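Next come the chains, spelled out residue by residue.
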Amino acid sequence: MKQIHRVASVFLILVMTTLTSAQQSSSSDVVLIQNATVMTVTNGTIQNGSILIRDGKIAAVGKNLRAPAQARVIDATGKFVTPGLIDCHSHIAIDGGVNEGTLSVTSMVRIQDVLDPTDINIYRDLAGGVTTANILHGSANAIGGHNAVIKLRWGKSAKEMIFEGAPPGIKFALGENPKRSNFNPAPGTSPRFPATRMGVEFTIREALTEAREYMRQWDEYRRQIAQNPKSDVLPPKRDLKLDALAEVLRGERLVHAHCYRADEILMLIRLAEEFGFKIATFQHVLEGYKVAKEIAAHGAGASSFSDWWAFKIEAYDAIPYNGALMARKGVLVSFNSDSAELARRMNLEAAKAVKYGGLSDDEALALVTINPAKQLRIDKRVGSIEVGKDADLVIFSGHPLSVYSIVEKVFIDGQLYFDRQADIARRAELEKEKQTLKQQLKQERPGQREGRPEPDRRDVPPPPTPTPQPGGEQ
C-alpha cells in the first residue's frame, strides 16, 4: 500500500511540476493582451481593448496600447477578458476534514494550518477562472474556526497561496448544522450541546460575553503597563479561543455566518449589534430576500447560492430571485459555490441572475468578482480590471455569461497559471508517465492486482456517520 501511495504522490508531483513550470515559464514580466472585449466590471466594457501587465500588476487598460519592447503579446481577437473570479465560500484544499465538530465553539482552530497545496481541486477551479477563494471551516459549530483567503497559485506552497494582507475571518453557523439535527452521535457518545436554535444563540452569546471580559482584562493590563512600565503586574492567561473572539469584538476579524432562515438572520444581527460589531457576510442566506432591508441596514454582505436549495428542511423557502432582490434592496451580494465542482462554473452561476432578476451583465459578473472582493475587504487588490490592481485575469473564448464559452487562460499576479491549449497538449504525455509508473510498480510487486487492494473483511471499520448534505454541513 505504501508503494502505491508513493507512486501516486510521485505522479501528482510530476503533474504539478509539469503543469506549473510549463505554464509559468511561458510568461514574462511584461504582457500585452490586445484586441479583446475587456469587461472591467467597474468601468464598463471596452471593445477591441488591451491590457498591459507589468510586474504582476495591471499597468494600463484601454484601446490602441502599444507593446513595450520585450513584451509578450497575446492576440485575444474574438475573446473576452474579465477579472479573476472570486469564490466567497469554498472548502477546497483542506486536509483532514472541514469540521472540528467536537465542541460548539472552536474559534482556536485555523484553516491555514491544514491547507493542502496539492489538492487537485485547486487546479480544476483555476481552470474555471477562479483565482481567489475564501476557504472556510465547516458549519458544525455555532462558532467555528478561522478562514484562509487564498490565491489559486497552483504549484506553490501552502504559505505562498495565502492572499497577502487579506483581513482574517472566522466562521459562525446557525440552524440545523450547529444543533446537529441531521447527525446522530456515534454509538456510546452523548449528543453535543446545543440541540435547539435557542441553544445556538446562547452558545454564541456566552462565548462573546467571555471574550468581552477577556478583552477587558487585557486592556486593563496594558493600561497599567503603559502607566508604569516597571510594574510587576502579571498579564492575564492567554486563551487562543478568546483571542479570536476579542478580535471579532474589536472589528479586526470578519464574521462569515452560515445561515438560511430569516428569523435566525435577524437574531444574529441583534446579537452582533448588542456586542457592537458587524457581520461581514451572511453565507447561503436563502431567505435573505425576506429581510434584505435589515441586512442592508446592518451593513452586512450576503453570499448566496444562485439556485441551490431544498437539500434539507430549513433550505426549502428559497427562490431564484433571492440574489437580485437583495441587491435591489441595497445589500452587497455575491454568489458562492460551497462545492469544488460548482466552483468550476462560477461565471454561469452569475449568469442566472440575468434570467432570474434582470441584472445587467456587469451587475451579474460583479456577483463573482468585485462584490466578493468587497466582502472579503480585498477589493483594492482584485475584483475588477483597473490600473494598479493585481493582474488576476481570465480570457474566455466568448462572452463569460454564455454556456458556450470556456476558459482559455488564467493569470494570477501576471503569471500564467492555466493555459487550456498547453493543458490539452500535455495530457498524452502525462498519461504515458502514469502508465510507466504503473508498470514499475507491477515489476516491484509481481502478482499484485492493479488498483486499490481489497480490504480484509475482518478489519472492515463500522459504517461512517451520515454524509453531509450538499451545501449543508459546510
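Everything in this summary refers to the structure shown in the same document. (Residues numbered from 1 in each chain as written. Predicted model: local features only at pLDDT ≥ 70, side-chain atom pairs only at ≥ 80, totals over all residues. Heavy atoms only, no water.)

1. A look at the packing of aromatic side chains
- Counted by the stated rule, this structure contains 10 aromatic pairs.
- Aromatic pair Tyr 123 and Trp 154: ring centres 5.6 Å apart, planes at 45°, arrangement tilted. Of the two residues, Tyr 123 sits in helix H2 (residues 120–127) while Trp 154 sits in the loop between strand S9 (148–151) and helix H3 (158–161), which places them 31 residues apart along the sequence. By the burial criterion, Tyr 123 is buried, and Trp 154 matches it.
- Three or more aromatic residues joined by ring pairs make a cluster, and in this case those are Tyr 260, Phe 305, Trp 308 and Phe 311.
- The cationic tip of Lys 151 hangs over the ring face of Phe 163; the distance from NZ or CZ to the ring centre is 5.1 Å.
- Positioned over the ring face of Phe 183 is Arg 180, at 4.4 Å from the centre of the ring. (Phe/Tyr/Trp six-rings, centres within 6.5 Å; stacked < 30°, edge-to-face > 60°. Helix = DSSP H or I, 4+ residues; strand = E, 2+ residues; numbered from the N terminus. Buried < 20%, exposed > 50% of the residue type's maximum accessible area, 1.4 Å probe, protein only. Lys NZ or Arg CZ within 6 Å of the ring centre and 35° of its normal.)

2. Notes on the pairing of strand S6 (residues 85–90)
- Most of S6 is tucked away: six of the six residues are buried.
- Here S6 pairs with strand S7 (residues 130–135) via four bridges, running parallel. Along S7, the bridge assignment pairs Ile 86 with Thr 132. (Pairing = 2+ DSSP bridges.)

3. Some words on the environment of Glu 363
- Turning to its location among the elements, Glu 363 is positioned in helix H10 (residues 361–366).
- Taking the C-alpha atoms as reference points, Glu 363 and Val 333, separated by 30 residues in sequence, lie 9.9 Å from one another.

4. Considerations on the sheet that holds S6
- Spatial strand order, S6-S7-S9: three strands in an open sheet with mixed pairing. Bordering the open sheet on either side are S6 and S9, each of which pairs with just one other strand. Averaged over all neighbouring strand pairs, the angle between strand axes comes to 15°, with direction disregarded.
- Where S7 and S9 come together, four bridges link them in antiparallel fashion. Considered in S9, the bridge of Thr 132 is made with Lys 151. (Axes fitted to C-alpha atoms, helices over the stretch in contact; angles between N-to-C directions.)

5. Considerations on the environment of Ala 140
- Mapping Ala 140 onto the fold places it in the loop between S7 and strand S8 (143–146).
- Remark: the alpha-carbon pair of Ala 140 and Thr 102, spanning 38 residues in sequence, is separated by 8.8 Å.

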